[in-house]
Amino acid sequence: NAGVTQTPKFQVLKTGQSMTLQCAQDMNHNSMYWYRQDPGMGLRLIYYSASEGTTDKGEVPNGYNVSRLNKREFSLRLESAAPSQTSVYFCASSEALDSFGITDTQYFGPGTRLTVL
Amino acid sequence: AQSVTQLGSHVSVSEGALVLLRCNYSSSVPPYLFWYVQYPNQGLQLLLKYTSAATLVKGINGFEAEFKKSETSFHLTKPSAHMSDAAEYFCAVSALKNTGNQFYFGTGTSLTVIP
């Protein structure tokens, strides 16, 4: 099993350009997440998808859109990139821990390093 | 409101010394707690988790953490540091709120191991 895969690994954009970050998991997990990691700020949730067909905003959704294409794939789109979106982006997936739907262990992809000039 | 606080963004220990990384949480309901490790240029991987069973949780690579409800803490320890433990460590909390399940990461603690 590959786990969680992300493409591309690196990307450089100019301000105003658009791009889509791809994420796929092969663990049959229901929930998927997009985070950004910035120095001194830990991981901040951008969007998540609790199950196929649903998406919800996280802590920092502005400037991003997501698509849960199917159970395996969850993409993150930057419509008009800004320098403030320079970051490392991580995709993760998980199952629910219990009947309350509490998130269990999240499995992370290797990340995408994005630079916006 | 901050749900997870990691005290000390950088911790240095000598090889063979005790590792102690601090994590405090704020939650009005019993949370589930996690410690993740991130090696350079990699994603995060789970070290251990607390899910309301035993309060002392053992994880991989000799790490353990103790859930102390009275102190709202979940500190990570390892008796003897190894060079390979140098990494970034994140505490995370998963808890039910009015809006549903929420999952938060702390800001991370960078561990340096001095030979």
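Residues numbered from 1 in each chain as written. Chains lettered and ligands numbered in written order. Predicted model: local features only at pLDDT ≥ 70, side-chain atom pairs only at ≥ 80, totals over all residues. Heavy atoms only, no water.

Participant: Where do I start with the sheet that holds strand β8 (residues 74-78) of chain A in this structure?
Facilitator: What holds strands together in a sheet is hydrogen bonding between their backbones, with the strands either parallel or antiparallel. All names here are of chain A. On the basis of which strands lie adjacent, the open sheet formed by 4 strands has the order β1-β3-β8-β7 and antiparallel pairing. A strand with exactly one partner marks an edge of an open sheet, and here the two such strands are β1 (4-7) and β7 (64-68). Across this sheet, the average inter-strand angle for adjacent strands is 20°, counted without regard to direction. Taken together, the 3 bridges between strand β3 (residues 19-25) and β8 define a ladder with antiparallel strand orientation. Paired with Thr 20 across the two strands is Arg 77, which belongs to β8. (Pairing = 2+ DSSP bridges. Helix = DSSP H or I, 4+ residues; strand = E, 2+ residues; numbered from the N terminus. Axes fitted to C-alpha atoms, helices over the stretch in contact; angles between N-to-C directions.)

Participant: Just to check I follow, could you spell out the interface of chain A and chain B for this structure?
Facilitator: For interface size, the figure often reported is the accessible area lost on association. Counting residues at the interface gives 20 residues for chain A and 20 residues for chain B. Across the chain A to chain B interface the summed buried area is about 1600 Å²; carbon plus sulfur atoms make up 57%. The largest contributions to the chain A side of the interface with chain B come from A:Leu43, A:Ile102 and A:Phe108, which together make up 26% of the buried area. On the surface where chain A and chain B come into contact, there are 0 salt bridges. Where chain A touches chain B, the interface holds 3 residue pairs in polar contact (both at pLDDT 80 or more). Among the secondary structure elements, those contributing two or more residues to the side of chain A that touches chain B are β4 (31-38) and β5 (42-49) of chain A. Taken together, the residues of the side of chain A that touches chain B break down into 9 nonpolar, 8 polar and 3 charged. (Contact = heavy atoms within 4.5 Å. Buried area = accessible area lost by both parts, 1.4 Å probe. Salt bridge = Lys/Arg side-chain N within 4 Å of Asp/Glu carboxyl O. Polar contact = N/O pair within 3.5 Å; in protein donor to acceptor, adjacent residues only side chain to side chain. Nonpolar A, V, L, I, M, F, W, Y, C, P; charged D, E, K, R; others polar.)

Participant: I tried to follow the state of the cysteines on my own but got confused; where do I start?
Facilitator: By definition, a disulfide is the covalent link that joins the sulfur atoms of two cysteine residues. Considering all chains together, one arrives at 2 disulfides over all chains under this definition. Disulfide partner of A:Cys23: A:Cys91, at an S-S distance of 1.9 Å. Here the disulfide of A:Cys23 and A:Cys91 is left-handed, its torsion about the S-S bond being about -70°. Of the two residues, A:Cys23 sits in strand β3 while A:Cys91 sits in strand β9 (residues 87-94), which places them 68 residues apart along the sequence. Among the residues examined, A:Cys23 registers a relative accessible area of 3% and is labelled buried. With its sulfur 2.0 Å from that of its partner, B:Cys23 forms a disulfide with B:Cys91. Residues B:Cys23 and B:Cys91 are joined by a disulfide whose S-S torsion is about -65°; by sign, that bridge is left-handed. (Disulfide = S-S within 2.5 Å. Buried < 20%, exposed > 50% of the residue type's maximum accessible area, 1.4 Å probe, protein only.)

Participant: Which parts of the structure should I look at to understand the environment of B:Cys23?
Facilitator: Residues and elements named next belong to chain B. Tracing the sequence through the fold places Cys 23 in the loop between β3 (19-21) and β4 (24-25). Judged by relative accessible area, which is 0%, Cys 23 ranks as buried. With 40 residues separating them in the primary sequence, Cys 23 and Phe 63 have C-alpha atoms 14 Å apart. When residues no more than four places from it in sequence are discounted, the contact partners of Cys 23 are Val 4, Thr 5, Trp 35, Thr 72, Ser 73, Phe 74, His 75 and Cys 91.

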